[in-house]
Amino acid sequence: MYRSAKYNEPLLNELTRFIKGTVKPNPSIPASLQRTNKINLPDLDETQLVRHFHRLSQMNYGVDTGIYPLGSCTMKYNPKICEEIASWDNFAYTHPCQDISTVQGNLEVMFELERMLCTITGMDYFSLQPAAGAQGEFLGMLLTKAYHKFNKDEKRNEVILPDTAHGTNPASVTMAGYKLIEIPSNKQGTVDLDMLEKALSENTACFMLTNPNTLGIFESDIIEISKMVHKAGALLYYDGANINAIMGRARPGDMGFDIVHLNLHKTFGTPHGGGGPGSGPVGVKIKLEKFLPIPRIAKKNESYFFDYDAPDSIGKIRGFYGNFLVILKAYIYITLMGGDGLKEVSEIAVLNSNYMKRKILDSKRYEMPFKELRKHEFVLSCEKLKQEKEIRAMDVAKRLLDYGLHPPTIYFPLIVKEALMIEPTETESKENLDSFIEALIKIADEDPESVKNAPNNTPVKRIDEVGATKNPILTWKEI
Amino acid sequence: MLKEIGVKDINSLFSDIHQKILINGIELPKGLSQQDTEKKLRTTACKNKSLNEITSFLGGGIKPHYIPSLVKAIKSRSEFYTSYTPYQSEASQGFLQAMFEYQSIIAELTGMDIANCSLYDGVTALGEAALMCTRINRKKTFVIPENISYDKKSVLRNYIKGADIDIIEIPFDIKTGKIDINQLEKIVDQNTSGVYIENPNFFGIFEDEVDKIAKIVKDAGSLFVVGIDPISIGITKSPGEYGADIVIGEGRALGNPISFGGSSLGIFACKKEFLRQMPGRIIGLTKDIEGNRAFCMALQTREQHIRRGRATSNICTNEGLCALATVTYLSWLGSDGLEKLSKINFENGQKLAKKIFSIDAFKKVFNGVHFNEFVVRYDGNLKILNKKLLENNIFGGLEIENQFPMLDNCMLFGITEVHNDTDTERLVKLLKVISNV
């Protein structure tokens, strides 16, 4: 049986005795700014400090610990070689403003990666500047604005989304000042063409879609959707969080998408770092190229340079050129995998997902609304368990932790009741998939009380998350 | 597995993709072995020169800093770096506690009540701060100094595009290099949502009239946003001590590699009364069902995955691992360590400036007190100067004329604790020789 390490590890401030005191003012500093009181920083020796964080790490579950099938998060194993190369001083210890002749390697990586991503997605140009997927979406909305403005079509103030969209989509839309129009999915779990037709108008700036969608279903009507959106004069945006499903099988560019963002930290060899850094490059069709952020990476006479000469560019969306080390890891990953390898990645990801789905459905413990064939992920419903045994998706998730397995995404997408959204990825073996399936089946058959009382093998028992919001304690000063 | 699924081959799993768009392969070269990949990347890496080979005196807000080995060791624990955003808190207690500690330390550093657990970088933090001010007081004009980086201005203008906010720039005083307080007083009024200043500012100069600025801002019923270089806080007051409402900054210097401007860390802290308008993820302390101390994400109802179109920001992925490096780094330094580091940076800045200004061809531009960066005007040709320095494996000051046309022939020098006397003597000697030719 799995058991996580458990320490009652004190907080840093409890491990140290703050030496409250004064600082001898520095007369060279303007008097109004001179520090007088010591800052309350922890003061630990190196041994203590290393043990503290080492223990904390042992109370944390990562992909290197075990299967991590969070739907829409693509938590796969990433080759260690990417980490190692990205730590070399010739990459990690370079300055963004140093003379361009001394960073030709960095620019080559960026230039080449842009082209690799174009090939994978079928887009014409890429910008690597966005720091994460959500920032890519935001950039996509800014490009949409710039495009319609350039065409003197500024009345377009609405963006349409299906109700299965990732949460960042609507947030990015409103952040860019657009009105949000959400359309319900049809009975197959895909875009309802009648609803889309009704929603499209001369006010539509863009339709945002991920394909396969968050149910893991490929939008088979995509060619028709693209026609409808473009006929209405709007742009079609692709949320590439789910690109792990279709590499080498279909390209958003061929489907008719005008703007695409990718999450390099999902599909292309970068671990998530407990929440970041990520990278969310944006690709566009040629009609949108001139609006891309500056600087663009350009090449002349075999040498690379930053091109700032782009009068129609939207400017910048983050400092410097993007999360360079993530960009570098993606470049290394694609170099390792090659075209054939990436195709195989998607094939195995889809194979694993459909295998798990079949076995779990055959067990008849869980249900799966909507269409049968899925891509990289599938969404189960625990509604039956809830009705029969009062076991909810949350309980199943927490009980999985007792088995040493990371739970799937839960309660998303919103159109599936008691949702378990499972994305196994291509890097899990059949044996690992079988153990996960077995655990899910076993949990459904367990005494409901033991499921509802889970987890028991984790460093703490079930956490009062509501309390954390009702009475927020957000720093050690507030304890 | 295919048999269990009930299909005859892998192609059947892609049968829902229309023939018109179905492809079979990617036109990229075949994959390389790990060994060959490493070899290829070695060749690429050799086309770069790292700051080990070339000593950088570039200013502009990003400079090399020493990273103690334990920071790298902690960051390399793969339980941390291969984990996702801690949605399943019971399995993420380690990272959650580290982020709670990060928030606590940032609150101490900035003099604020609370901090989030990171935004993308210090640049986007300014955009988020401007949006937050308007969410709090519904006012629509955000005031910034003219002398902030081009990146910040451009990103800010993009961040506020959807919120109908106007930006007003306050010029700097050409003698001191500080913000022109008279202009500020004239501009700030009842419609001002927030006023942003940087300390030290883009020219490296301390904005010491903070009490006056704070009063102007408060009197107008506006919010005071301060951008910091966290390294300077060891010897200067925290912005909370002079009335800041929101404090932002770039945290890269705190234990993260310079990495060509990647690996950034957006510091974001504020007063607790503004908690519900704060962007980004926040970790809270709570209990498990047995009453044990536990950590989880708090106030998720502000965030995009719950509130969707009405979230305070669209941010999801942040810079968690960089925040981990920073909490490790600051705990290693401790309060005395940060004070010492801060002092070294300040003193190195003073020493270098003195030496450079003693050379005839290099003139002081501003008389305000600077931290570890300063503006220098050169009598000769800047491009040639920097080229010659580069031939001697030195990056000279950052040319800033393109950003500030009135500062013709000016450059921004930067120095930190990584520079020793040999480095500066070499630079000064070369400056003398080159300018004398």
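Residues numbered from 1 in each chain as written. Chains lettered and ligands numbered in written order. Predicted model: local features only at pLDDT ≥ 70, side-chain atom pairs only at ≥ 80, totals over all residues.

### Considerations on the nonpolar core
We apply this condition: The term nonpolar core refers to a set of buried Ala, Val, Leu, Ile, Met, Phe, Trp, Tyr and Cys residues connected through C-beta atoms within 7 Å. Put simply, a residue is buried when 20 or more other C-beta atoms lie within 10 Å of its own C-beta and exposed when 12 or fewer do; between those, it is partly exposed, and each C-beta is set from the backbone. Helix and strand assignments follow DSSP, with helices taken as H or I runs no shorter than four residues and strands as E runs no shorter than two, numbered in order from the N terminus. Residues are defined as contacting one another if the C-beta atoms placed from their backbone atoms lie within 7 Å.
Formed by 287 residues in total, the largest nonpolar core has its most connected members in Y237, I259, I327 and L420 of chain A together with V225 and A269 of chain B. In terms of residues, this core owes the most to one element, helix 12 (residues 324-362) of chain A, which gives 20 residues. Residue contacts for V225 of chain B: discarding those within four places in its chain leaves A129, C133, G194, V195, Y196, D245, I246 and I248 of chain B.

### Some details on the sheet that holds strand 7 (residues 246-250) of chain B
All names here are of chain B. For the record, the criterion: Strand pairing requires that DSSP identify at least two bridges connecting the strands.
One open sheet accounts for seven strands, arranged 2-8-7-6-5-3-4; its pairing is mixed. Two strands close off the open sheet at either side, each with one partner strand: strand 2 (114-115) and strand 4 (166-170). Across five bridges, strand 7 lies against strand 8 (residues 266-270) in antiparallel orientation. Among the inter-strand pairings, G249 is bridged to a residue of strand 8, identified as I267.

### Some words on the packing of helix 12 of chain A against helix 15 (residues 430-445) of chain A
Residues and elements named next belong to chain A. Quick reminder of the rule: Where helices are involved, their axes are fitted lines through C-alpha atoms of the stretch in contact, as for all axes, and angles between N-to-C directions lie from 0 to 180°. Roughly parallel means an angle under 35 degrees; roughly antiparallel, over 145; roughly perpendicular, 65 to 115; everything else is oblique. A crossing counts as left-handed when the near helix is turned anticlockwise from the far one by less than a right angle, and as right-handed when that turn is clockwise. Any residue outside Ala, Val, Leu, Ile, Met, Phe, Trp, Tyr, Cys, Pro, Asp, Glu, Lys and Arg is labelled polar, Gly included; the first ten of those are nonpolar and the last four are charged.
It is at 10 Å that the axes of helix 12 and helix 15 come closest, and there the two elements cross at 30°. Taken together, the axes of helix 12 and helix 15 are roughly parallel relative to one another. As helix 12 packs across helix 15, the resulting crossing turns out to be right-handed. Where helix 12 approaches helix 15, its residues N352, Y355, M356, K359 and I360 are matched on the opposing element by L433, I437 and L440. Considered class by class, the residues forming the contact of helix 12 with helix 15 number six nonpolar, one polar and one charged.

### Examining unusual backbone geometry
Residue and element names in this part refer to chain A. Residue P277 is reached from G276 by a cis peptide bond, and omega for that bond is 5°. Locating P277 in the fold gives a position in the loop between helix 11 (264-267) and strand 7 (282-284). Following F412, the chain continues into P413 via a peptide bond in cis, with omega recorded as -5°. Tracing the sequence through the fold places P413 in the loop between strand 11 (409-410) and strand 12 (419-422). Despite not being glycine, K364 shows a phi value in the positive range, around 65°. One can find K364 in the loop between helix 12 and strand 10 (378-381). Backbone geometry at F370 places phi at a positive 75°, although glycine is not the residue there. In this fold, F370 is placed in the loop between helix 12 and strand 10.

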